[in-house]
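Analysis of the macromolecular model
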Amino acid sequence: MSQAGVRLVFLGAPGAGKGTQAKAFQEKFSVPQISTGDILRTNVAKGTPLGLKAKSFMDAGDLVPDDLIIAMMESELGGRDSYILDGFPRTVAQAEALDALLTRLGHPLTAVVQFDCDREALIARLTGRWTNPRTGRTYHSEFNPPRVAGIDDDAGGPIVQRKDDSREVVAERLATYDEKTAPLVAYYEGTGLLVRIDALKPIDEVTAEIFAAIEARTKAVRT
Ligand code: ADP
Ligand code: AMP
């Protein structure tokens, strides 16, 4: 697959596996992952003005206000041709702003991949997740453990459990998803861009399903 001009949105609840699959896709096809959660956490860690404004929303499991996210993504996407959006858009207002920006840039989306996953699996995945705070790569204590407990296989540094992966904040984040992000499935259904993936399958099978779906779609666009 040619990576030029591949622009994907990975849509789905927290814990559905978007980041895991975005990293696999990035490695195989050199299409860079843009994770709004990772960008925000870097801003919080550095104490930037954006990080200072975002922190209390993130700690509580709420969404950061649309105006801050839209401004952040406008500057992020401006000079780029290919990417996987992981965690954006998360509200209808963000999706409308993305449409307007991409129309302005003449950069239509290639596909929107919806990760279908049930609630029980989401909770088990989030509460057992371990993250490399530097790279954003994630592991799971049971489903995808690192070779050495507490250490990233590739980067070698420590992996940690995010504070917002605690049971209480996870409940808030899933309620926020139901209210604000789930309506995006209907939003994209009408565009012909939506590809639904069974995210309950094991990691490698989900990867294969996404690769096949995107390959078919980029071929269909070329022919
Ligand atoms: P998201 O980016 O959608 O919030 P992640 O990619 O971080 O989700 O995955 C959440 C957790 O679930 C991580 O601990 C990851 O290792 C694990 N995970 C991801 N995909 C699967 C899968 N298909 N089966 C089991 N566990 C998975
Ligand atoms: P994530 O790493 O995708 O689970 O995101 C972690 C947190 O960052 C979320 O719970 C939100 O508080 C915030 N966040 C990430 N992406 C967005 C977005 N597109 N809109 C609003 N808030 C976001």
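Further up the page is the structure itself.
Cut-offs and rules
Residues numbered from 1 in each chain as written. Chains lettered and ligands numbered in written order. Predicted model: local features only at pLDDT ≥ 70, side-chain atom pairs only at ≥ 80, totals over all residues. Heavy atoms only, no water. Near = heavy atom within 4 Å. Polar contact = N/O pair within 3.5 Å; in protein donor to acceptor, adjacent residues only side chain to side chain. Areas by Shrake-Rupley, 256 points an atom, 1.4 Å probe, with all protein chains shown as cover. Helix = DSSP H or I, 4+ residues; strand = E, 2+ residues; numbered from the N terminus. Nonpolar A, V, L, I, M, F, W, Y, C, P; charged D, E, K, R; others polar. Core = buried A, V, L, I, M, F, W, Y, C linked by side-chain atoms within 4.5 Å. Buried < 20%, exposed > 50% of the residue type's maximum accessible area, 1.4 Å probe, protein only. Contact = heavy atoms within 4.5 Å. Axes fitted to C-alpha atoms, helices over the stretch in contact; angles between N-to-C directions. Parallel < 35°, antiparallel > 145°, perpendicular 65-115°, else oblique. Left-handed = near helix turned anticlockwise from the far one by under 90°. Phe/Tyr/Trp six-rings, centres within 6.5 Å; stacked < 30°, edge-to-face > 60°. Salt bridge = Lys/Arg side-chain N within 4 Å of Asp/Glu carboxyl O. 1 Å grid on protein atoms, 1.4 Å probe; cavity = no way out; pocket = protein on both sides within 12 Å on 5 of 7 lines; lining within 4 Å. Points joined across faces, edges and corners; volume = space filled by probe spheres on them.

With that out of the way, let us pick up the site of ligand 1. By nearness alone, 19 residues border ligand 1, and Lys18, Thr20, Arg129, Tyr139 and Lys201 come closest of all. Separating an oxygen atom of ligand 1 from a side-chain N or O atom of Lys18 is a distance of 2.8 Å. Here an oxygen atom of ligand 1 sits 2.7 Å away from a polar atom, N or O, in the main chain of Tyr139. Taken by itself ligand 1 offers 570 Å² of open surface, and the protein chains cover 93% of this. Secondary-structure elements contributing two or more residues to the shell around ligand 1 are α1 (18-29) and β6 (138-140). Per-class residue counts for the shell around ligand 1 are eight nonpolar, seven polar and four charged.

Ranked by size, the top nonpolar core spans 28 residues in total, and within it Leu85, Leu98 and Tyr188 carry the most contacts. For this core, the secondary-structure elements that each account for two or more residues are β1 (7-12), α2 (36-46), α3 (49-60), α4 (66-77), β3 (83-86), α5 (92-105) and α8 (183-189). With five residues, the single largest contributor to this core is α4. For Leu85, the contacting residues outside a window of four places in its chain are Leu8, Val9, Phe10, Ile34, Met73, Leu77 and Leu98. Core analysis: the next-biggest nonpolar cluster, separate from the first, contains 25 residues, Val31, Phe115, Leu122 and Ala199 among them.

What surrounds ligand 2 is a group of 15 residues, the closest being Thr36, Arg41, Asp62, Gly87 and Gln94. One of the side-chain nitrogen or oxygen atoms of Arg41 is found 2.9 Å away from an oxygen atom of ligand 2. One nitrogen or oxygen atom from the side chain of Gln94 is found 2.9 Å from a nitrogen atom belonging to ligand 2. With the chains in place, 95% of the 490 Å² that ligand 2 exposes on its own is no longer accessible. No other element matches the four residues that α2 contributes to the shell around ligand 2. Of the residues assigned to the shell around ligand 2, the class counts are six nonpolar, four polar and five charged.

Time to look at the packing of α2 against α3. As a packed pair, α2 and α3 sit with axes 8 Å apart at the nearest point and diverge in direction by 115°. By the angle between their directions, the pair α2 and α3 is classed as roughly perpendicular. Crossing hand, α2 versus α3: left-handed. Taking contact as the criterion, the partners of Gly37, Leu40, Arg41, Asn43 and Val44 in α2 are, on α3, Leu50, Gly51, Ala54, Lys55 and Met58. Residues of the contact of α2 with α3, tallied by class, amount to five nonpolar, three polar and two charged.

Below, the discussion takes up the packing of aromatic side chains. Here the structure, examined in full by the defined rule, presents five aromatic pairs. Aromatic pair Phe29 and Phe211: ring centres 5.0 Å apart, planes at 75°, arrangement edge-to-face. Of the two residues, Phe29 is situated in helix α1 and Phe211 in helix α9 (residues 203-222); the sequence distance between them amounts to 182 residues. Here Phe29 and Phe211 have matching classes, each one buried. Linked through ring pairs, Phe25, Phe29 and Phe211 together constitute an aromatic cluster.

Looking now at the pattern of salt bridges. For the structure shown, the criterion picks out 15 salt bridges. In this structure, the salt-bridge partner of Asp164 is Arg173, at a minimum N-O distance of 3.9 Å. When sorted by exposure, Asp164 lands in the same class as Arg173, which is buried. Here the salt bridges share partners, and the residues they tie into one network are Arg129, Arg162, Asp164, Asp165 and Arg173.

Before going further, it helps to examine the layout of surface pockets. To find leftover empty space, one rolls a probe the size of a water molecule over the atoms. Considering only enclosed or pocket space, the second largest pocket measures out at about 530 Å³ in volume. For the second largest pocket, the lining is made up of 19 residues, of which Arg41, Val44, Met58, Pro133 and Arg162 are closest to its centre. Of all the secondary-structure elements, those providing two or more residues to the lining of the second largest pocket are α2 and α3. No other element matches α2, which puts five residues into the lining of the second largest pocket. Taken together, the residues of the lining of the second largest pocket break down into five nonpolar, six polar and eight charged.

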